[in-house]
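# Close look at the chain arrangement
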Amino acid sequence: MTVAPLRNEFPALDQEVNGRRLAYLDNAATTQRPEAVIQAVEAFTRYDNANVHRGVHTVSQRATDKFDAARATVARAIGASRPEEIVFTKGCTEALNLVASSWGRANLSEGDVVLVSTMEHHSNLVPWQQAATLSGAKVVPIPVTDSGEIDLDDYVRLLASHPVKMVAVKHVCNAIGTVNPVGDMVSEAHRAGALVTVDGAQALAHVRVDVSSIGADFYAMASHKVYGPMGTGALYGRFDLLDRLPPYQTGGGTIRSVTMEETTFAELPDRLEAGTPNVPGAIGFAAALDWLERHDVESLARHESDLLRTATEAVTRIPGITVIGQAARKAGILSFTMEAAHPHDVGTVLDSEGVAVRTGHHCCQPLMRRFGVPATTRASLAAYNTEDDVEALVRGLDKVARLFA
Ligand SMILES: Cc1ncc(COP(=O)(O)O)c(C=O)c1O
């Protein structure tokens, strides 16, 4: 795949950092935005800036139409059956908190079990711990194998041996790149009478997501990990489930009628979207999904997978490097430790060479513990990365190896 024309659509990539060409390899933390997204947000901000679902005036109507169209785009992009199954949130974390809090409050009680994989991001673990504490339910971990995959035999055994009400699992692992077989996991969960919440934060940019073929009951998304703006995300929920969720937050926008004594709530999705939404964010999110559709996520994924193979082979040749996460199916994430240097030192030296990576526990402390490491260095790829970026990474790591030898 020729990346140059696509790369030119991203103004942030055309800069130097510390006197070097920027090699942006921190895409699992946040992706850069193409002109199409920047322009969609700017056009709203410049000409259509008005509140939604409130005004009879023309600008408000235009804003409302664009906001509603954004919801329809998100629904279509992930194969939801209707736009009302999409609730806009301020990110993936809020989407997951919404499910754990509202669904948990209405459905969990003493003795129930929530299965949470050991590789979950804290955003798909801590909210379930809180819901369990409040309800008397228990969080039980699903083990991860040495290669960084969910142990499916153990998963099936756990489903059979506990009163499981909910399974919480990520689609793609932000820390080590594993693509989990979420469709199979949902089938097993449903057979056992449990629901499944999928954390899709890292998936949308790298794999085709179709919630109806996955069968997910809830699917959480983050716009800024899929070439869209920060501060916006969405929760997909099966209509019948969302329709029964108690409001997560209440107040403006969520109500049908209010007296000083009581309130009745609006229909979906308004009932779950309290306050003024991030309208430019939602419009930018939809523009990002449209952009992705134009470029075909599957061919972008093939390009990322080729780069990952090149990067993994090159990095493994450097003495003292251990790659964490060797799953058979991986998205473009390369996580590793270096014997001689702490990840923070690795990240600092790489930055001096213009290479942006993430170091730390990646909000996955239980997974770090599983592999017996406090932290890793993570290089994460996006569609616009090139062989030059990989070469800059390898050059930087050679420098780390020399400095810390
Ligand atoms: C797998 C996963 N889940 C959830 C999140 C949280 O997303 P946000 O910060 O957009 O709420 C992240 C972000 O790193 C993630 O990688």
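Each remark here, short or long, concerns the structure printed above.
The present account deals with the structure reproduced in this document.

What counts, and where the lines are drawn
For every chain, the first residue of the written sequence is number 1, and numbering continues from 1 along that sequence. Residue-level local features of this predicted model are given only where pLDDT is at least 70; pairs of side-chain atoms are given and counted only at 80 or more, and the full residue set underlies all totals for whole chains, interfaces and linings. Computation of side-chain values: all heavy atoms of the structure, hydrogens and water removed. Here is the rule: rings of Phe, Tyr and Trp (six-membered ring for Trp) pair when centre to centre is within 6.5 Å. Planes less than 30 degrees apart are stacked, more than 60 are edge-to-face, and the remainder are tilted. Strands are runs of DSSP state E lasting at least two residues, helices are runs of H or I lasting at least four, and both sets are numbered from the N terminus onward. Relative accessibility decides the category of a residue: with a 1.4 Å probe and only protein chains considered, values under 20% of the type maximum give buried, values over 50% give exposed, and everything between is partly exposed. Here, strands pair whenever DSSP counts at least two bridges between them. The crossover handedness rule: strands pointing away from the viewer, path from first strand over the helix to second strand clockwise, crossover right-handed. Each residue after the first adds 1.5 Å to the expected span of a helix. The contact criterion used is simple: two residues touch if any of their non-hydrogen atoms lie within 4.5 Å. In the cavity and pocket records, a cavity denotes points on a 1 Å grid over the protein atoms alone where a 1.4 Å probe fits but cannot get out, a pocket denotes an open set with protein on both sides within 12 Å along at least 5 of 7 lines, and lining residues are residues with an atom within 4 Å of a point. Grid points are joined across faces, edges and corners, and a volume is the space filled by probe spheres set on the points. Consider each residue's heavy atoms; a residue with any of them within 4 Å of a molecule or strand counts as near. Think of a polar contact as two N or O atoms within 3.5 Å of one another; within protein, one of them needs to be a possible hydrogen donor and the other a possible acceptor, and neighboring residues in sequence only count if both atoms come from side chains. Only the protein chains shown count as covering a residue, and every accessible area follows the Shrake-Rupley method with a 1.4 Å probe. More than half of a molecule's atoms within 2 Å of the grid points is what it takes for that molecule to sit in a cavity or pocket. Each residue gets one label: Ala, Val, Leu, Ile, Met, Phe, Trp, Tyr, Cys and Pro are nonpolar, Asp, Glu, Lys and Arg are charged, and the others, such as Gly, are polar. Under this scheme, a helix contributes an axis fitted over its contacting stretch, all axes are lines through C-alpha atoms, and angles between N-to-C directions fall in the 0 to 180 degree range. Orientation categories follow fixed angle ranges, with anything under 35 degrees roughly parallel, anything over 145 roughly antiparallel, 65 to 115 roughly perpendicular, and all other angles oblique. Should the near helix be turned counterclockwise from the far one by less than a right angle, the crossing is left-handed, whereas a clockwise turn marks it as right-handed. Take a side-chain nitrogen of Lys or Arg and a carboxyl oxygen of Asp or Glu: if they are within 4 Å of each other, that pair is a salt bridge.

### A look at the packing of aromatic side chains
Summed over the entire model, instances satisfying the criterion amount to 7 aromatic pairs. Taken together, a centroid distance of 5.9 Å and an interplanar angle of 70° make the contact between Tyr227 and Tyr384 edge-to-face. Placement of Tyr227 in the loop between β9 (218-222) and β10 (233-237) and of Tyr384 in the loop between β17 (376-380) and α14 (387-403) is noted, with a sequence separation of 157 residues between them. The residues Tyr227 and Tyr384 share a single accessibility class, namely buried. An aromatic cluster of at least three residues, connected via ring pairs, comprises Phe10, Tyr227, Trp291 and Tyr384.

### Describing the pairing of strand β5 (residues 113-117)
Burial analysis of β5 places 5 of its 5 residues in the buried class, which makes it a mostly covered element. Burial along β5 is two-sided: the residues Val113, Leu115 and Ser117 and Val114 and Val116 are all buried. Where β5 and strand β6 (residues 138-142) come together, 5 bridges link them in parallel fashion. Across the sheet, residue Leu115 finds its bridge partner in β6, namely Val140. Regarding the hand of the β-α-β motif, the stretch spanning β5, helix α5 (residues 126-135) and β6 is right-handed.

### Brief notes about the side chain of Ser223
With respect to the helices and strands, the residue Ser223 is situated in the loop between β9 and β10. Taking relative accessible area as the criterion, Ser223 reaches 0% and is therefore assigned buried.

### Quick look at helix α4 (residues 92-107)
The end-to-end C-alpha separation of α4 is 21 Å, in line with the 22 Å expected for 16 residues at 1.5 Å each. Regarding α4, the residues found buried are Cys92, Glu94, Ala95, Leu96, Leu98, Val99, Ala100, Ser102, Trp103 and Gly104. Against the buried residues of α4 lie β4 (86-89), α5, β7 (164-170), β8 (195-199), β9 and β10.

### Comments concerning empty space enclosed by the protein
Within this structure, the stated rule accounts for 1 cavity of 30 Å³ or more. Within this model, the largest cavity holds a volume of roughly 40 Å³. What lines the largest cavity is Leu25, Leu308, Ala311, Gly332, Leu334, Ala379, Leu381, Val390 and Leu393. When residues of the lining of the largest cavity are traced back to their parent elements, those giving at least two are α11 (297-316) and α14.

### Details of the site of the ligand
Every residue lining the ligand is accounted for by Cys92, Thr93, His121, Ser123, Lys170, Asn174, Asp199, Ala201, Gln202, Ala222, His224 and Lys225. A distance of 2.5 Å separates a nitrogen atom of the ligand from a polar side-chain atom of Asp199. Note that an oxygen atom of the ligand is positioned 2.8 Å from one of the side-chain N or O atoms of His224. Taking 400 Å² as the accessible area of the ligand by itself, protein coverage stands at 84%. Counting atoms within 2 Å of the grid points, the majority share of the ligand lands in the largest pocket. Of the residues belonging to the shell around the ligand, the class tally is 3 nonpolar, 6 polar and 3 charged.

### Description of the sheet that holds β17
Judged by pairing direction, the sheet is antiparallel, and its 4 strands sit side by side in the order β13-β14-β17-β16 without closing on themselves. Two strands in the sheet have a free side with no partner beyond their single neighbour: β13 (321-323) and β16 (358-360). Strand-to-strand twist across the sheet, computed as the mean angle between neighbouring axes with direction ignored, equals 30°. As paired elements, β13 and strand β14 (residues 333-338) share 3 bridges and run antiparallel to each other.

### Some points on the packing of α11 against α14
Remark: α11 packs on α14, axes separated minimally by 10 Å, with the N-to-C direction vectors making an angle of 15°. Classified by the interaxial angle, the pair formed by α11 and α14 is roughly parallel. In this structure, the crossing between α11 and α14 has a hand that is right-handed. For the pair α11 and α14, the contacting residues are Leu307, Thr310, Ala311, Ala314 and Val315 in the first and Glu387, Val390, Leu393, Val394 and Leu397 in the second. Class assignment of the residues belonging to the contact of α11 with α14 gives a composition of 8 nonpolar, 1 polar and 1 charged.

### Some words on the pattern of salt bridges
Per the stated rule, a full pass over the model turns up 24 salt bridges. Linking Glu353 and Arg20 is a salt bridge whose minimum nitrogen-to-oxygen distance equals 2.9 Å. Highlighted residues: Glu353 in the loop between α12 (343-352) and β15 (355-356) and Arg20 in strand β2 (residues 20-21), separated in sequence by 333 residues. What makes Glu353 buried here is its relative accessible area of 13%. Owing to a relative accessible area of 37%, Arg20 belongs among the partly exposed residues under this scheme. In this structure, Lys165 engages Asp112 in a salt bridge whose closest nitrogen and oxygen atoms are separated by 3.0 Å. A residue pair is termed long-range when its members are at least 10 positions apart, and Lys165 in strand β7 and Asp112 in the loop between α4 and β5 qualify at 53 residues.

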